[in-house]
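Breakdown of the fold
One letter stands for each residue in the lines below.
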Amino acid sequence: MPSPRYWREKANRFHLEAARCQGCGGVTFPARTICPACRGTEFETLYLSRKGKVVTSTVVHVGPNEFQMEAPYAMAVVETPEGGRLMVQVVDCEPSDVLPGLEVSLEFRLIRREGHGGILCYGHKGVPVG
Amino acid sequence: MREVAIVGAGMTRFGEIWESSLRDLFVEAAAGALSSAGADHVDHILVGNMSGGQFVGQEHLGPLMADHLGMAGVAAARVESACASGGMALNMGFMAVASGFVDTVLVAGVEKMTDGADVTNVLASAADQETEVYHGITFPGLYAMIARAHMAAHGTTEEDLAWVAVKNHKHGAMNPKAQFRSEVTVEQVLQSSMVAEPLRLLHCSPVSDGAAAVLLCPLDQARNYTDRPVKLIGSGVATDAMALADRKDPAFLAAVEKSSERAYKMAGVTPKDIQVAEVHDCFAIAEICCLEASGLVEKGQGAKAAASGETSLGGRIPVNTSGGLKSKGHPVGATGVAQAIEVFEQLRGESGERQVEGARIGLTQNMGGSGASSVVHIYQGV
């Protein structure tokens, strides 16, 4: 992933920047130009809370090359209190414990290294609460 | 709008076909379709293909394939909708003939997956790169998440998933074109290696090479090519949010429901009229979700359909008599067209030991990505 492509996504990857539609109130993450629910174009910027609940999950045993060293690792769709949903890895726990309903905090972590230069690419991962 | 018929079909066997290239596979299937109909020219060629560019570095498949078929000069283009590319090509061919824009269309699908590409990464490009793949999810991983959501909502079990593979292998063992002509047991499925929990290796379709092609023409010209045409009576396409996180219910495939409803409406039939169906079982959970969303079984009842025999040969509604993607193989761009060929042969009474007796109306459902696109076709024997 060339660095401009990575740099463009910083608002959502680093800051969890999302958008609340002024028409229907729906939250989209990452922010978009057109609301997927009502096609509204007026938005208020908001930042998702760094916590949420697992909607569904898996444990990846056969991963892409870049992630295979980490396998098996848990992944989940997490919903934040604002209603935004995001796909994250869930770490610092037994992968098999990551099941629907689990409460997680969202922490800023290294996600992957890109290309021959090994650019460090960051984002959020889930960590079980308590 | 004109009535449209399928009048010829050709396909390669599916599998790891090391001796054949992308173009070889296409030519074998396309030439087979043309010769089966005795056709020596076509007006238009559509090539369903997910990713020749990533699998073998080859784009621009329309002219390449026309050229290798000895038909340079003919209008030709590639059609892409990830794993639904073949079904989408059929939909576009149907529209082209029905509208009167052209008379004969060769609709093909082809994929060459075993030439050394990083298949996991190529397939993942059918998911959302920025919000899903970036974080390390795989395609089996996305369907595993769908499976877990279905288990939580409907009580579906790992054994229910295993039965889908057992059934489809049983059908595929009778298909000479299938990649895996062997039966498997529930125990073997449940002991196979884990890919993405709860999906194991034998819940997953394989990596395959293959091609399939059909010839379409107006129904009133069909007798020029065959005395047993099969009429296309319905076609529906729909899309859904690309990322799983953006779907309210991850266990429900809304694009499958919408595309099915559109096809039923056009055909003037209901799910109860369907006597044989090929649905997109890229993973065992996908067959369960697709059966529910297409109305072939009731919502929440898909899990037990394979185990109960309801969807086996001889059951109420035989599903994936070809062996499905699971046993027949899944060269992604070819799959949608191969599904059409299975139903075409069933409605002509040519399916041998896999024949559904007296089948007159059949359905195919082909899906792209984790369900962001779906194409449904309905067919009637003439």
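Being a predicted model, the structure only gives us computed values, none of them experimental. (Residues numbered from 1 in each chain as written. Chains lettered and ligands numbered in written order. Predicted model: local features only at pLDDT ≥ 70, side-chain atom pairs only at ≥ 80, totals over all residues. Heavy atoms only, no water.)

1. Some words on the interface of chain B and chain A
Note: interface size is frequently given as the accessible area lost on complex formation between the parts. Cut-off, in case you're wondering: Note on contacts: a residue pair is in contact if any heavy atoms of the two residues lie within 4.5 Å. When a carboxyl oxygen of Asp or Glu is within 4 Å of a side-chain nitrogen of Lys or Arg, the pair counts as a salt bridge. Pairs of N or O atoms within 3.5 Å make up the polar contacts considered here, provided that, within protein, one atom can donate a hydrogen while the other can accept it, and that residues adjacent in sequence are counted only when both atoms are side-chain atoms. Each helix is a run of DSSP H or I of at least 4 residues and each strand a run of E of at least 2, with the numbering of both proceeding from the N terminus. Under the grouping applied here, Gly and all other residues not named as nonpolar or charged are polar, the nonpolar ones being Ala, Val, Leu, Ile, Met, Phe, Trp, Tyr, Cys and Pro and the charged ones Asp, Glu, Lys and Arg.
Each partner contributes to the interface: chain B provides 28 residues, whereas chain A provides 37 residues. Taken together, the links from chain B to chain A amount to 3 salt bridges. Residue Asp246(B) is joined to Arg32(A) by a salt bridge in which the shortest nitrogen-to-oxygen separation is 3.2 Å. In this structure, the connection of chain B to chain A is made through 19 residue pairs in polar contact (both at pLDDT 80 or more). Those elements giving two or more residues to the side of chain B that touches chain A turn out to be α5 (119-124), α6 (139-154) and β5 (194-196) of chain B. The biggest single contributor to the side of chain B that touches chain A is α6(B), with 6 residues. Considering only residue class, the side of chain B that touches chain A consists of 12 nonpolar, 8 polar and 8 charged.

2. Topic: the pairing of strand β11 (residues 373-381) of chain B
Every other side chain in a regular strand lies on the same face of the sheet, so the side chains alternate between the two faces. All names here are of chain B. Applied cut-off: Whether a residue is buried, partly exposed or exposed follows from its accessible area with a 1.4 Å probe, protein chains only, as a fraction of its type maximum: under 20%, in between, or over 50%, in that order. DSSP calls a pair of strands paired once it identifies at least 2 bridges connecting them.
Extensive coverage of β11 is indicated by the burial of 8 of its 9 residues. Two elements, strand β10 (residues 361-368) and β11, share 8 bridges in a ladder whose sense is antiparallel. Considered in β11, the bridge of methionine 367 is made with serine 374.

3. Brief notes about the packing of helix α4 (residues 85-98) of chain B against helix α12 (residues 332-347) of chain B
Residue and element names in this part refer to chain B. Under the convention used in this document: Geometry is summarised by axes, namely lines fitted to C-alpha atoms with helices restricted to the contacting stretch, and by angles between N-to-C directions that run from 0 to 180 degrees. Put simply, angles under 35 degrees are roughly parallel, angles over 145 are roughly antiparallel, angles from 65 to 115 are roughly perpendicular, and the rest are oblique.
Across the interface, α4 lies against α12 with an axial gap of 5 Å and an inter-helix angle of 60°. Regarding the angle of α4 to α12, the classification is oblique. Residues Ser85, Gly86, Gly87 and Leu90 of α4 form the contact with α12, whose participating residues are Gly333, Gly336, Val337 and Ala340. Counted by class, the contact of α4 with α12 contains 3 nonpolar, 5 polar and no charged residues.

4. Some points on unusual backbone geometry
Omega for the peptide link from Phe29(A) to Pro30(A) comes to -10°, which places this bond in the cis form. Secondary-structure assignment places Pro30(A) in the loop between β2 (27-28) and β3 (43-47). Note the cis peptide between Glu197(B) and Pro198(B), where omega equals 5°. At Leu16(A), a position not held by glycine, the phi torsion is positive, near 55°. As for its placement among the helices and strands, Leu16(A) is situated in the loop between α2 (10-15) and β1 (17-21). Among the residues examined, Leu16(A) registers a relative accessible area of 1% and is labelled buried. A positive phi angle, near 65°, is found at His60(B), a position not held by glycine.

5. A look at the pattern of salt bridges
Where side chains of opposite charge bring their charged atoms close, a pairing between them can arise. Residues and elements named next belong to chain B. Applying the stated criterion across every chain yields a total of 23 salt bridges over all chains. For the salt bridge of glutamate 19 with arginine 13, the shortest nitrogen-to-oxygen distance reads 3.5 Å. A relative accessible area of 39% places arginine 13 in the partly exposed class. When the shortest N-O distance is used, the salt bridge between glutamate 350 and arginine 228 registers 3.0 Å. Of this pair, glutamate 350 sits in the loop between α12 and β10 while arginine 228 sits in the loop between β7 (209-218) and β8 (230-239), and the two are 122 residues apart along the sequence. For glutamate 350, a relative accessible area of 33% translates into the label partly exposed.

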